[in-house]
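Survey of secondary and tertiary structure
Spelled out, the chains give:
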Amino acid sequence: MALTPNDYCNVAGLACTSMSFTLGPEIVDAELQIAHPNAHTLDMARSQLKALRTMGCTNVGLVTPYIDLVHNNNVKMLESGGDVTVAASVNLGLVKSEWSSMVDQQTIIDAVQRTKAISKTPLDAVVLGCSALRVCVPGFITDLESTTGVNIVTSTQSFYWNCLRTGGVDDQIDGYGRLFSDF
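As a starting point, this report considers the structure included with it. Along every chain, residues carry numbers that run from 1 in the direction the sequence is written. Note on the predicted model: pLDDT of at least 70 is required for a residue's local features to be given, and 80 or more for side-chain atom pairs to be given and counted; whole-chain, interface and lining totals, by contrast, use all residues. The side-chain values count all of the structure's non-hydrogen atoms but skip hydrogen atoms and water molecules.

What follows is about the sheet that holds strand β5 (residues 125–128). Here, strands pair whenever DSSP counts at least two bridges between them. Numbered from the N terminus, helices here are DSSP runs of H or I no shorter than four residues, and strands are runs of E no shorter than two. Overall, parallel pairing links the 4 strands, which are arranged β4-β3-β5-β6 in an open sheet. Looking at strand neighbours, the two that pair on one side only are β4 (85–91) and β6 (151–154), the edges of this open sheet. Here the strands of the sheet are splayed against their neighbours by 25° on average, with no regard to which way each runs. By the bridge criterion, 4 bridges tie strand β3 (residues 59–64) to β5 in an arrangement that is parallel. Paired with Val60 across the bridge in β5 is Ala125. Should any heavy atoms of two residues lie within 4.5 Å, those residues are considered in contact. Lines fitted to the C-alpha atoms define the axes, with helices restricted to the stretch that makes contact. Angles between their N-to-C directions range from 0 to 180 degrees. Together, β5 and β6 form the strand contacts of helix α7 (residues 140–148), whose direction differs from that of β6 by roughly 145°.

Quick look at the structure:
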């Protein structure tokens, strides 16, 4: 007897941040459950929130590559539960989605520093929204946390973390920020 994905897939997720918060959890879950009816469903937007809540971060900054409309919807999503406040944010205003993956690490570091600088209150974390940002590489998130003195939660990092934790894998992994090493 051959195994099918429904026999062994216990987590299914949508790996696009802006699509996640644009569609909303009800549509995301319904669509994912068509393919994997027995799997736990999740997405990048909810993964950001779960990571922030798990880490106890309530006052956050946000950096995205999005245009204003999409960036502002990311802010609304983060604040929708009433337990997270976006105290400062920087959006790069990129008008083509393919440009997001071209943003270099120094630009991201500068945007995080700017977000911290414009915040009127100390930040618990800075969220790097958008799965296309190339930030989930070994050492980058941990180095960024060390350099900036603030927790970093990225779309991709929080999504992978949420997939693993939801699937029952509790390994602590160095190099991908406090989220992976401490939670």
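What follows picks up the thread again.
This part is about helix α5 (residues 68–79). The α-helix winds at 3.6 residues per turn, so residues separated by three or four positions along the chain end up facing the same way. Helix span, as expected, comes to 1.5 Å for every residue beyond the first. For α5, spanning 12 residues, the distance from its first C-alpha to its last is 16 Å, which sits close to the expected 16 Å at 1.5 Å a residue. Turning to α5, its buried residues number three or more, namely His71, Asn74, Val75, Met77 and Leu78. Projection of α5 onto a plane perpendicular to its axis shows the buried side chains occupying an angular sector of 160°, all on one side. Across α5 from its buried face, at more than 90 degrees, point the exposed residues Asp68, Leu69 and Lys76. Residues of α5 that are buried make contact with α2 (17–23), α4 (44–55), β3, β4 and β5. The classification of residues rests on relative accessible area computed with a 1.4 Å probe and restricted to protein chains. Under 20% of the type maximum is buried, over 50% is exposed, and intermediate values are partly exposed. It is the directions from the helix axis to the C-beta atoms that the arc portrays.

This brings us to the layout of surface pockets. Site definitions follow a grid-based scheme: protein atoms alone, a 1 Å grid, a 1.4 Å probe that fits but cannot get out for cavities, and for pockets an open set with protein on both sides within 12 Å along at least five of seven lines, plus lining residues having an atom within 4 Å of a point. Grid points are joined across faces, edges and corners, and a volume is the space filled by probe spheres set on the points. Quantified by volume, the largest pocket comes out at close to 200 Å³. Residues are grouped as follows: Ala, Val, Leu, Ile, Met, Phe, Trp, Tyr, Cys and Pro are nonpolar; Asp, Glu, Lys and Arg are charged; all remaining types, including Gly, are polar. Residues that form the lining of the largest pocket fall into these classes: 9 nonpolar, 5 polar and 1 charged.

Next up on the list: the pattern of salt bridges. Any two side chains of opposite charge can pair, given that their charged atoms come close. Here a salt bridge means any side-chain nitrogen of Lys or Arg lying within 4 Å of a carboxyl oxygen belonging to Asp or Glu. With the rule as written, the count across this model stands at 4 salt bridges. Across the pair Arg46 and Asp43 runs a salt bridge whose closest N-O atoms are separated by 2.8 Å. Look at Asp43 and you get buried, because its relative accessible area is 1%. Note that Asp83 is salt-bridged to Arg53, the shortest N-O span being 2.6 Å. Placement of Asp83 in the loop between α5 and β4 and of Arg53 in helix α4 is noted, with a sequence separation of 30 residues between them. Given the relative accessible area of 31%, Asp83 is considered partly exposed.

Before going further, it helps to spend a moment on unusual backbone geometry. Of note, the phi angle at Cys130 is positive, near 110°, even though the residue is not glycine. Its place among the elements puts Cys130 in the loop between β5 and α7.

Mapped onto the elements, Thr115 comes out in helix α6 (residues 105–118). Residues within four places of Thr115 in sequence aside, it is in contact with Gly61, Leu62, Val63, Ala88, Ser89, Val90 and Leu123.

Ring pairs shown here join Phe, Tyr and Trp side chains whose ring centres sit within 6.5 Å, with only the six-membered ring taken for Trp; geometry is labelled stacked below 30 degrees between planes, edge-to-face above 60, and tilted in between. Taken as a whole and judged by the stated rule, the model has 3 aromatic pairs. Plain terms: the ring middles of Phe21 and Tyr66 are 6.3 Å apart, the flat faces sit at 75° to each other, and that makes the pair edge-to-face. Of the two residues, Phe21 is situated in helix α2 and Tyr66 in the loop between β3 and α5; the sequence distance between them amounts to 45 residues. Considered together, Phe21 and Tyr66 belong to a single accessibility category, that of buried residues. Ring geometry for Tyr176 and Phe180: centres 6.1 Å apart, planes at 65°, overall edge-to-face.

None of the figures reported here should be taken as evidence of function without further support.
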